[in-house]
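# Per-entry structural report
Letter by letter, the chains look like this.
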Amino acid sequence: MAAAAAFLILVGGYSNYISSLRFTPSTSTLTYLTQTASPSATWLTQHPSNSSIIYAAKEVWNQPGAITTMVLNPSTGSLKTVATINTGTANGGTVYVEPINNGTALAAADFTPGTAMIVPLGNDRTSFSGTGQVLKFVGSGPLPNQASAHAHQTLQYNDEILVADLGSDLVRRLTKSGNSWSQAASISFPPGHGPRHMVVTNNTLYTIHQNYNSVTQNTLPAISSGQASQLVANVTTVPPGTTSTSNMQAAELLYAESPCGGSASPLLYASNRGDPSSQGDAITVFEITPQLKAVAHIRTGMQQVRGMSFVGPTKQYIVAGGTNGGGVKVYERTCQGYLTQKAALNSGQITQTTGFTWVPSS
Ligand SMILES: *[C@@H]1O[C@H](CO)[C@@H](O)[C@H](O)[C@H]1NC(C)=O
Ligand SMILES: *[C@@H]1O[C@H](CO)[C@@H](O)[C@H](O)[C@H]1NC(C)=O
Ligand SMILES: *[C@@H]1O[C@H](CO)[C@@H](O)[C@H](O)[C@H]1NC(C)=O
Ligand SMILES: *[C@@H]1O[C@H](CO)[C@@H](O)[C@H](O)[C@H]1NC(C)=O
(Lines give C-alpha, C1' and ligand atoms only; values in the text may rest on other atoms or scores of the structure.)
(Ligands and ions follow the chains in the order given, each with its own letter.)
Protein backbone atom coordinates (compact mmCIF):
# COMPACT_ATOMS: atom_id res chain seq x y z
CA MET A 1 0.00 0.00 0.00
CA ALA A 2 1.34 3.46 -0.89
CA ALA A 3 1.97 5.52 2.22
CA ALA A 4 -0.63 8.24 2.66
CA ALA A 5 0.94 11.65 2.23
CA ALA A 6 -0.76 12.95 5.31
CA PHE A 7 -3.30 12.12 7.98
CA LEU A 8 -6.16 14.12 9.44
CA ILE A 9 -6.20 13.68 13.22
CA LEU A 10 -9.35 14.57 15.15
CA VAL A 11 -8.81 15.53 18.79
CA GLY A 12 -11.60 15.51 21.37
CA GLY A 13 -11.53 16.32 25.06
CA TYR A 14 -13.01 18.28 27.94
CA SER A 15 -12.94 21.55 25.98
CA ASN A 16 -15.86 22.80 23.90
CA TYR A 17 -14.33 21.66 20.61
CA ILE A 18 -13.19 18.81 18.46
CA SER A 19 -9.95 20.00 16.82
CA SER A 20 -8.77 18.86 13.39
CA LEU A 21 -5.01 18.60 12.81
CA ARG A 22 -2.98 17.58 9.78
CA PHE A 23 -0.04 15.26 10.40
CA THR A 24 2.50 15.14 7.57
CA PRO A 25 5.17 12.49 8.23
CA SER A 26 7.50 13.62 5.42
CA THR A 27 7.95 17.01 7.06
CA SER A 28 7.38 15.83 10.66
CA THR A 29 4.68 18.44 11.12
CA LEU A 30 1.41 18.58 13.00
CA THR A 31 -0.63 21.64 12.01
CA TYR A 32 -3.96 23.13 13.07
CA LEU A 33 -6.81 23.04 10.53
CA THR A 34 -10.05 23.92 12.28
CA GLN A 35 -12.31 23.35 15.28
CA THR A 36 -15.94 22.21 15.47
CA ALA A 37 -18.08 22.99 18.52
CA SER A 38 -18.77 19.75 20.47
CA PRO A 39 -18.45 20.03 24.26
CA SER A 40 -16.74 17.17 26.15
CA ALA A 41 -16.42 14.81 23.20
CA THR A 42 -13.87 12.81 25.17
CA TRP A 43 -13.77 9.70 22.97
CA LEU A 44 -13.83 9.60 19.17
CA THR A 45 -13.99 6.79 16.66
CA GLN A 46 -15.16 6.22 13.10
CA HIS A 47 -17.16 3.80 10.98
CA PRO A 48 -15.02 0.80 9.92
CA SER A 49 -15.82 1.16 6.20
CA ASN A 50 -16.55 4.90 5.89
CA SER A 51 -14.02 7.11 7.61
CA SER A 52 -16.16 10.22 7.01
CA ILE A 53 -18.61 8.96 9.64
CA ILE A 54 -17.38 9.87 13.12
CA TYR A 55 -18.85 8.81 16.47
CA ALA A 56 -18.24 10.76 19.68
CA ALA A 57 -18.90 9.86 23.31
CA LYS A 58 -20.15 12.89 25.21
CA GLU A 59 -18.98 13.18 28.78
CA VAL A 60 -20.81 16.31 29.87
CA TRP A 61 -21.22 16.37 33.64
CA ASN A 62 -24.71 17.02 34.98
CA GLN A 63 -26.22 16.15 31.63
CA PRO A 64 -27.46 12.80 30.34
CA GLY A 65 -24.71 10.67 28.85
CA ALA A 66 -24.90 10.62 25.06
CA ILE A 67 -23.30 9.58 21.81
CA THR A 68 -23.31 11.71 18.70
CA THR A 69 -22.85 10.81 15.03
CA MET A 70 -21.07 13.28 12.75
CA VAL A 71 -20.00 13.59 9.14
CA LEU A 72 -16.48 14.80 8.42
CA ASN A 73 -15.50 17.00 5.51
CA PRO A 74 -12.07 15.45 4.89
CA SER A 75 -10.71 18.42 2.99
CA THR A 76 -11.49 21.07 5.61
CA GLY A 77 -11.55 18.90 8.73
CA SER A 78 -14.89 20.32 9.83
CA LEU A 79 -17.65 18.11 11.24
CA LYS A 80 -21.42 18.26 11.03
CA THR A 81 -23.51 16.64 13.76
CA VAL A 82 -26.24 14.35 12.44
CA ALA A 83 -27.84 12.55 15.40
CA THR A 84 -27.54 12.24 19.17
CA ILE A 85 -28.91 9.57 21.49
CA ASN A 86 -28.82 9.26 25.28
CA THR A 87 -26.95 6.28 26.66
CA GLY A 88 -29.12 5.68 29.70
CA THR A 89 -27.92 7.79 32.60
CA ALA A 90 -29.49 11.04 33.69
CA ASN A 91 -26.33 12.45 35.21
CA GLY A 92 -23.29 10.82 33.86
CA GLY A 93 -20.70 10.76 31.25
CA THR A 94 -20.38 8.56 28.24
CA VAL A 95 -16.70 7.73 28.01
CA TYR A 96 -16.49 5.21 25.19
CA VAL A 97 -18.17 4.26 21.93
CA GLU A 98 -17.26 1.63 19.33
CA PRO A 99 -18.87 0.31 16.16
CA ILE A 100 -19.82 -3.37 16.49
CA ASN A 101 -21.18 -6.04 14.13
CA ASN A 102 -19.20 -4.71 11.18
CA GLY A 103 -20.44 -1.18 11.72
CA THR A 104 -24.18 -1.94 11.85
CA ALA A 105 -24.51 -0.95 15.53
CA LEU A 106 -22.71 0.99 18.27
CA ALA A 107 -21.80 -0.07 21.80
CA ALA A 108 -21.14 2.60 24.41
CA ALA A 109 -19.98 2.70 28.04
CA ASP A 110 -21.33 5.23 30.52
CA PHE A 111 -19.50 6.17 33.68
CA THR A 112 -21.96 6.51 36.48
CA PRO A 113 -23.92 4.77 37.83
CA GLY A 114 -22.59 2.39 35.18
CA THR A 115 -24.40 1.42 32.01
CA ALA A 116 -23.61 -0.01 28.62
CA MET A 117 -25.76 0.67 25.60
CA ILE A 118 -26.05 -1.26 22.35
CA VAL A 119 -27.93 0.56 19.59
CA PRO A 120 -28.44 -0.43 15.93
CA LEU A 121 -27.54 2.14 13.27
CA GLY A 122 -29.74 3.06 10.31
CA ASN A 123 -28.59 2.15 6.81
CA ASP A 124 -26.84 5.50 6.42
CA ARG A 125 -24.78 4.62 9.55
CA THR A 126 -25.36 8.13 10.91
CA SER A 127 -28.92 7.68 12.18
CA PHE A 128 -30.05 5.39 15.00
CA SER A 129 -32.53 2.59 14.43
CA GLY A 130 -34.68 2.52 17.57
CA THR A 131 -33.66 3.45 21.08
CA GLY A 132 -31.24 0.59 21.70
CA GLN A 133 -30.75 -1.53 24.81
CA VAL A 134 -29.36 -0.11 28.03
CA LEU A 135 -27.82 -2.49 30.58
CA LYS A 136 -27.58 -1.04 34.08
CA PHE A 137 -24.86 -2.58 36.22
CA VAL A 138 -24.84 -2.80 40.00
CA GLY A 139 -21.66 -2.93 42.03
CA SER A 140 -19.00 -0.98 43.90
CA GLY A 141 -15.47 -1.22 45.23
CA PRO A 142 -13.49 0.05 48.23
CA LEU A 143 -11.88 3.16 46.74
CA PRO A 144 -13.41 6.65 46.44
CA ASN A 145 -13.83 6.35 42.65
CA GLN A 146 -15.70 3.06 43.11
CA ALA A 147 -18.90 4.26 44.78
CA SER A 148 -20.96 2.56 42.07
CA ALA A 149 -20.58 0.42 38.98
CA HIS A 150 -18.61 2.44 36.48
CA ALA A 151 -18.49 1.12 32.91
CA HIS A 152 -15.43 2.46 31.14
CA GLN A 153 -15.10 0.49 27.91
CA THR A 154 -16.95 -2.01 25.76
CA LEU A 155 -15.01 -4.45 23.55
CA GLN A 156 -16.56 -6.79 21.03
CA TYR A 157 -14.90 -10.20 21.09
CA ASN A 158 -16.31 -13.06 18.99
CA ASP A 159 -19.98 -13.27 20.04
CA GLU A 160 -19.44 -11.33 23.25
CA ILE A 161 -19.21 -7.75 24.38
CA LEU A 162 -16.78 -7.31 27.26
CA VAL A 163 -17.35 -4.36 29.62
CA ALA A 164 -14.61 -3.03 31.88
CA ASP A 165 -16.35 -1.96 35.09
CA LEU A 166 -13.89 0.25 36.96
CA GLY A 167 -16.24 0.66 39.93
CA SER A 168 -16.91 -3.01 40.57
CA ASP A 169 -13.44 -4.48 39.74
CA LEU A 170 -15.03 -6.64 37.04
CA VAL A 171 -14.76 -7.40 33.38
CA ARG A 172 -18.34 -8.30 32.51
CA ARG A 173 -18.97 -10.73 29.65
CA LEU A 174 -22.22 -10.02 27.77
CA THR A 175 -23.81 -12.39 25.27
CA LYS A 176 -26.81 -12.00 23.01
CA SER A 177 -29.94 -14.12 23.11
CA GLY A 178 -32.56 -13.19 20.53
CA ASN A 179 -32.34 -9.41 20.33
CA SER A 180 -31.21 -8.88 23.88
CA TRP A 181 -27.80 -8.72 25.54
CA SER A 182 -27.24 -9.88 29.12
CA GLN A 183 -24.34 -10.72 31.42
CA ALA A 184 -23.35 -14.38 31.06
CA ALA A 185 -20.14 -14.39 33.12
CA SER A 186 -17.61 -12.05 34.66
CA ILE A 187 -13.93 -11.90 35.55
CA SER A 188 -13.17 -10.33 38.90
CA PHE A 189 -10.06 -8.56 40.08
CA PRO A 190 -9.10 -8.03 43.72
CA PRO A 191 -10.98 -5.08 45.29
CA GLY A 192 -9.57 -1.67 44.38
CA HIS A 193 -7.91 -2.43 41.04
CA GLY A 194 -10.21 -0.31 38.85
CA PRO A 195 -10.16 -2.08 35.46
CA ARG A 196 -10.46 0.64 32.83
CA HIS A 197 -9.52 -0.54 29.34
CA MET A 198 -8.93 -3.95 27.75
CA VAL A 199 -7.24 -5.64 24.83
CA VAL A 200 -8.08 -9.18 23.69
CA THR A 201 -5.75 -11.13 21.45
CA ASN A 202 -4.85 -14.80 21.11
CA ASN A 203 -7.65 -15.79 23.54
CA THR A 204 -5.97 -13.68 26.18
CA LEU A 205 -7.34 -10.67 28.04
CA TYR A 206 -5.04 -7.77 28.95
CA THR A 207 -6.57 -5.21 31.31
CA ILE A 208 -5.20 -1.87 32.47
CA HIS A 209 -6.10 -0.99 36.06
CA GLN A 210 -6.47 2.70 36.81
CA ASN A 211 -6.16 2.54 40.58
CA TYR A 212 -3.19 0.21 40.93
CA ASN A 213 -1.37 1.26 37.73
CA SER A 214 -0.86 -2.22 36.39
CA VAL A 215 -1.61 -4.40 33.39
CA THR A 216 -2.90 -7.91 34.01
CA GLN A 217 -2.95 -10.90 31.69
CA ASN A 218 -5.83 -13.38 32.05
CA THR A 219 -6.98 -16.47 30.23
CA LEU A 220 -10.32 -16.05 28.49
CA PRO A 221 -11.97 -19.49 28.39
CA ALA A 222 -15.16 -19.86 26.36
CA ILE A 223 -18.17 -19.05 28.53
CA SER A 224 -19.69 -22.40 27.54
CA SER A 225 -16.70 -24.22 29.12
CA GLY A 226 -17.78 -23.01 32.56
CA GLN A 227 -14.11 -22.49 33.40
CA ALA A 228 -12.99 -19.49 35.40
CA SER A 229 -10.48 -17.05 33.95
CA GLN A 230 -6.98 -17.43 35.42
CA LEU A 231 -4.64 -14.56 36.24
CA VAL A 232 -1.39 -15.24 34.37
CA ALA A 233 0.62 -12.06 34.97
CA ASN A 234 0.40 -8.62 36.55
CA VAL A 235 2.99 -5.95 35.70
CA THR A 236 3.20 -2.35 36.88
CA THR A 237 2.90 0.48 34.34
CA VAL A 238 4.87 2.85 36.58
CA PRO A 239 8.33 3.80 35.26
CA PRO A 240 11.44 3.28 37.35
CA GLY A 241 12.46 6.61 38.83
CA THR A 242 8.90 7.76 39.49
CA THR A 243 8.99 9.02 43.05
CA SER A 244 5.30 8.83 43.96
CA THR A 245 2.28 7.06 42.51
CA SER A 246 -0.25 8.81 44.75
CA ASN A 247 -1.71 10.91 41.90
CA MET A 248 -1.20 8.36 39.17
CA GLN A 249 -4.02 6.74 37.21
CA ALA A 250 -3.11 4.44 34.33
CA ALA A 251 -5.45 5.05 31.41
CA GLU A 252 -5.10 3.68 27.89
CA LEU A 253 -3.96 0.31 26.55
CA LEU A 254 -3.17 -0.30 22.85
CA TYR A 255 -2.03 -3.46 21.05
CA ALA A 256 -0.05 -3.89 17.83
CA GLU A 257 2.33 -6.25 16.10
CA SER A 258 5.98 -5.36 16.55
CA PRO A 259 7.47 -2.97 13.98
CA CYS A 260 10.56 -5.24 13.99
CA GLY A 261 8.71 -7.99 12.11
CA GLY A 262 9.73 -11.63 12.24
CA SER A 263 8.99 -13.41 15.49
CA ALA A 264 9.35 -10.29 17.63
CA SER A 265 6.75 -10.11 20.40
CA PRO A 266 3.58 -8.10 19.79
CA LEU A 267 3.51 -4.95 21.92
CA LEU A 268 1.18 -3.25 24.34
CA TYR A 269 1.36 0.51 24.96
CA ALA A 270 0.02 1.84 28.27
CA SER A 271 -0.48 5.50 29.17
CA ASN A 272 0.37 6.69 32.65
CA ARG A 273 -1.27 9.79 34.09
CA GLY A 274 -0.17 12.04 36.92
CA ASP A 275 3.52 11.17 37.12
CA PRO A 276 5.31 13.75 39.31
CA SER A 277 8.42 13.58 37.08
CA SER A 278 9.60 16.86 35.51
CA GLN A 279 9.86 14.87 32.26
CA GLY A 280 6.10 14.34 32.28
CA ASP A 281 4.01 11.21 32.01
CA ALA A 282 5.40 8.11 30.35
CA ILE A 283 4.05 5.65 27.83
CA THR A 284 5.06 2.18 29.00
CA VAL A 285 5.75 -0.42 26.31
CA PHE A 286 5.25 -4.13 27.06
CA GLU A 287 6.29 -7.23 25.18
CA ILE A 288 3.78 -10.06 25.66
CA THR A 289 5.75 -13.15 24.59
CA PRO A 290 7.26 -15.23 26.01
CA GLN A 291 5.81 -13.36 28.98
CA LEU A 292 4.29 -9.98 29.81
CA LYS A 293 7.19 -7.64 30.51
CA ALA A 294 7.68 -3.85 30.49
CA VAL A 295 10.50 -3.11 28.05
CA ALA A 296 10.51 0.69 27.72
CA HIS A 297 9.15 3.83 29.35
CA ILE A 298 8.94 6.78 26.97
CA ARG A 299 8.76 10.10 28.84
CA THR A 300 6.47 12.43 26.90
CA GLY A 301 6.85 15.85 28.52
CA MET A 302 3.03 15.89 28.69
CA GLN A 303 0.81 16.01 31.77
CA GLN A 304 -2.16 13.62 32.16
CA VAL A 305 -1.73 11.43 29.10
CA ARG A 306 -5.19 9.88 28.97
CA GLY A 307 -6.33 8.58 25.57
CA MET A 308 -3.91 7.56 22.83
CA SER A 309 -4.66 6.23 19.39
CA PHE A 310 -2.82 4.55 16.55
CA VAL A 311 -2.52 6.56 13.34
CA GLY A 312 -2.01 5.01 9.91
CA PRO A 313 -3.27 1.85 8.20
CA THR A 314 -0.54 -0.32 9.72
CA LYS A 315 -0.53 1.52 13.07
CA GLN A 316 2.79 3.19 12.20
CA TYR A 317 2.20 6.09 14.61
CA ILE A 318 0.66 6.79 18.01
CA VAL A 319 -0.95 10.13 18.84
CA ALA A 320 -1.26 11.18 22.49
CA GLY A 321 -2.12 14.39 24.32
CA GLY A 322 -1.64 15.95 27.72
CA THR A 323 -5.06 16.74 29.23
CA ASN A 324 -3.34 19.12 31.66
CA GLY A 325 -0.56 20.39 29.41
CA GLY A 326 2.23 19.59 27.01
CA GLY A 327 0.19 19.67 23.80
CA VAL A 328 -0.35 16.83 21.34
CA LYS A 329 2.47 14.58 20.11
CA VAL A 330 2.79 11.94 17.44
CA TYR A 331 5.26 9.09 17.95
CA GLU A 332 6.57 6.73 15.30
CA ARG A 333 6.62 3.06 16.27
CA THR A 334 10.22 2.13 15.59
CA CYS A 335 12.05 -1.15 16.03
CA GLN A 336 14.93 0.46 17.90
CA GLY A 337 13.69 2.29 20.99
CA TYR A 338 10.01 1.39 20.42
CA LEU A 339 8.68 4.98 20.11
CA THR A 340 10.34 8.03 18.55
CA GLN A 341 8.76 11.48 18.69
CA LYS A 342 7.82 12.47 15.14
CA ALA A 343 5.74 15.67 15.42
CA ALA A 344 4.25 17.92 18.08
CA LEU A 345 1.81 20.79 18.43
CA ASN A 346 1.48 22.85 21.58
CA SER A 347 -1.18 25.44 20.91
CA GLY A 348 -3.26 27.27 23.52
CA GLN A 349 -6.20 26.66 21.19
CA ILE A 350 -6.12 22.90 21.76
CA THR A 351 -6.59 22.15 25.44
CA GLN A 352 -7.83 19.34 27.72
CA THR A 353 -7.31 16.71 25.04
CA THR A 354 -8.36 13.15 25.78
CA GLY A 355 -9.42 11.17 22.68
CA PHE A 356 -8.25 10.84 19.08
CA THR A 357 -9.09 9.29 15.75
CA TRP A 358 -7.58 9.65 12.26
CA VAL A 359 -8.49 9.50 8.58
CA PRO A 360 -6.34 9.74 5.44
CA SER A 361 -5.89 13.37 4.37
CA SER A 362 -5.86 14.55 0.78
C1 LIG B 1 -19.67 7.91 3.70
O2 LIG B 1 -20.65 8.62 4.44
C3 LIG B 1 -20.90 9.93 3.94
C4 LIG B 1 -21.84 10.59 4.94
O5 LIG B 1 -23.04 9.91 5.05
C6 LIG B 1 -21.49 9.81 2.54
O7 LIG B 1 -21.71 11.11 2.02
C8 LIG B 1 -20.53 9.05 1.66
O9 LIG B 1 -21.12 8.85 0.38
C10 LIG B 1 -20.17 7.72 2.26
N11 LIG B 1 -19.12 7.10 1.49
C12 LIG B 1 -19.22 5.88 1.01
C13 LIG B 1 -18.05 5.38 0.22
O14 LIG B 1 -20.21 5.18 1.19
C1 LIG C 1 -18.95 -5.33 6.36
O2 LIG C 1 -19.48 -4.12 5.85
C3 LIG C 1 -18.95 -3.74 4.59
C4 LIG C 1 -19.49 -2.37 4.23
O5 LIG C 1 -20.86 -2.30 4.32
C6 LIG C 1 -19.29 -4.81 3.55
O7 LIG C 1 -18.72 -4.47 2.32
C8 LIG C 1 -18.75 -6.16 4.02
O9 LIG C 1 -19.20 -7.16 3.13
C10 LIG C 1 -19.25 -6.48 5.42
N11 LIG C 1 -18.60 -7.67 5.90
C12 LIG C 1 -19.27 -8.66 6.48
C13 LIG C 1 -18.45 -9.81 6.96
O14 LIG C 1 -20.48 -8.64 6.63
C1 LIG D 1 -0.58 -17.20 22.04
O2 LIG D 1 -0.89 -18.04 23.13
C3 LIG D 1 -0.06 -19.20 23.22
C4 LIG D 1 -0.64 -20.09 24.30
O5 LIG D 1 -0.85 -19.39 25.50
C6 LIG D 1 1.37 -18.74 23.51
O7 LIG D 1 2.22 -19.86 23.61
C8 LIG D 1 1.84 -17.85 22.36
O9 LIG D 1 3.12 -17.34 22.65
C10 LIG D 1 0.87 -16.69 22.17
N11 LIG D 1 1.27 -15.96 20.99
C12 LIG D 1 1.21 -14.63 20.91
C13 LIG D 1 1.69 -14.01 19.64
O14 LIG D 1 0.79 -13.94 21.83
C1 LIG E 1 -0.84 -6.06 40.50
O2 LIG E 1 0.22 -5.12 40.63
C3 LIG E 1 -0.17 -3.93 41.30
C4 LIG E 1 0.96 -2.93 41.13
O5 LIG E 1 2.20 -3.51 41.31
C6 LIG E 1 -0.53 -4.28 42.72
O7 LIG E 1 -0.91 -3.13 43.43
C8 LIG E 1 -1.70 -5.26 42.70
O9 LIG E 1 -2.05 -5.66 43.99
C10 LIG E 1 -1.38 -6.49 41.86
N11 LIG E 1 -2.57 -7.28 41.65
C12 LIG E 1 -2.59 -8.62 41.64
C13 LIG E 1 -3.89 -9.26 41.34
O14 LIG E 1 -1.58 -9.28 41.83
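Here the structure is a predicted model, which means the values were calculated and not measured.

## A short note on the pattern of salt bridges
Tallied over the full model, the rule gives four salt bridges. One salt bridge in this structure joins Glu-160 and Arg-173, with 2.8 Å as the shortest N-O distance. A residue pair is termed long-range when its members are at least 10 positions apart, and Glu-160 in strand β13 (residues 160-165) and Arg-173 in strand β14 (residues 170-177) qualify at 13 residues. Taking relative accessible area as the criterion, Arg-173 reaches 3% and is therefore assigned buried.

## Focus on the sheet that holds strand β2 (residues 17-24)
The sheet built from four strands is open, its strands ordered β3-β2-β1-β28 with antiparallel pairing. Each edge of the open sheet carries a strand with a single partner, namely β3 (29-37) and β28 (353-361). Strand-to-strand, the axes of this sheet are offset by a mean angle of 25 degrees, without reference to chain direction. As judged from the eight bridges shared by β2 and β3, these two strands associate in the antiparallel manner. Residue pairing across strands places Tyr-17 opposite Ala-37, the latter belonging to β3.

## With respect to unusual backbone geometry
Across the junction of Thr-112 and Pro-113, the peptide omega takes the value 5 degrees, indicating a cis bond. Residue Pro-290 is reached from Thr-289 by a cis peptide bond, and omega for that bond is -5 degrees. One can find Pro-290 in the loop between β22 (282-287) and β23 (293-299). Although it is not a glycine, Ser-40 adopts a positive phi angle of roughly 50 degrees. Relative accessible area serves as the criterion here: at 10%, Ser-40 is assigned to the buried category.

Conventions adopted
- Residues numbered from 1 in each chain as written.
- Chains lettered and ligands numbered in written order.
- Predicted model: local features only at pLDDT ≥ 70, side-chain atom pairs only at ≥ 80, totals over all residues.
- Heavy atoms only, no water.
- Salt bridge = Lys/Arg side-chain N within 4 Å of Asp/Glu carboxyl O.
- Helix = DSSP H or I, 4+ residues; strand = E, 2+ residues; numbered from the N terminus.
- Buried < 20%, exposed > 50% of the residue type's maximum accessible area, 1.4 Å probe, protein only.
- Pairing = 2+ DSSP bridges.
- Axes fitted to C-alpha atoms, helices over the stretch in contact; angles between N-to-C directions.

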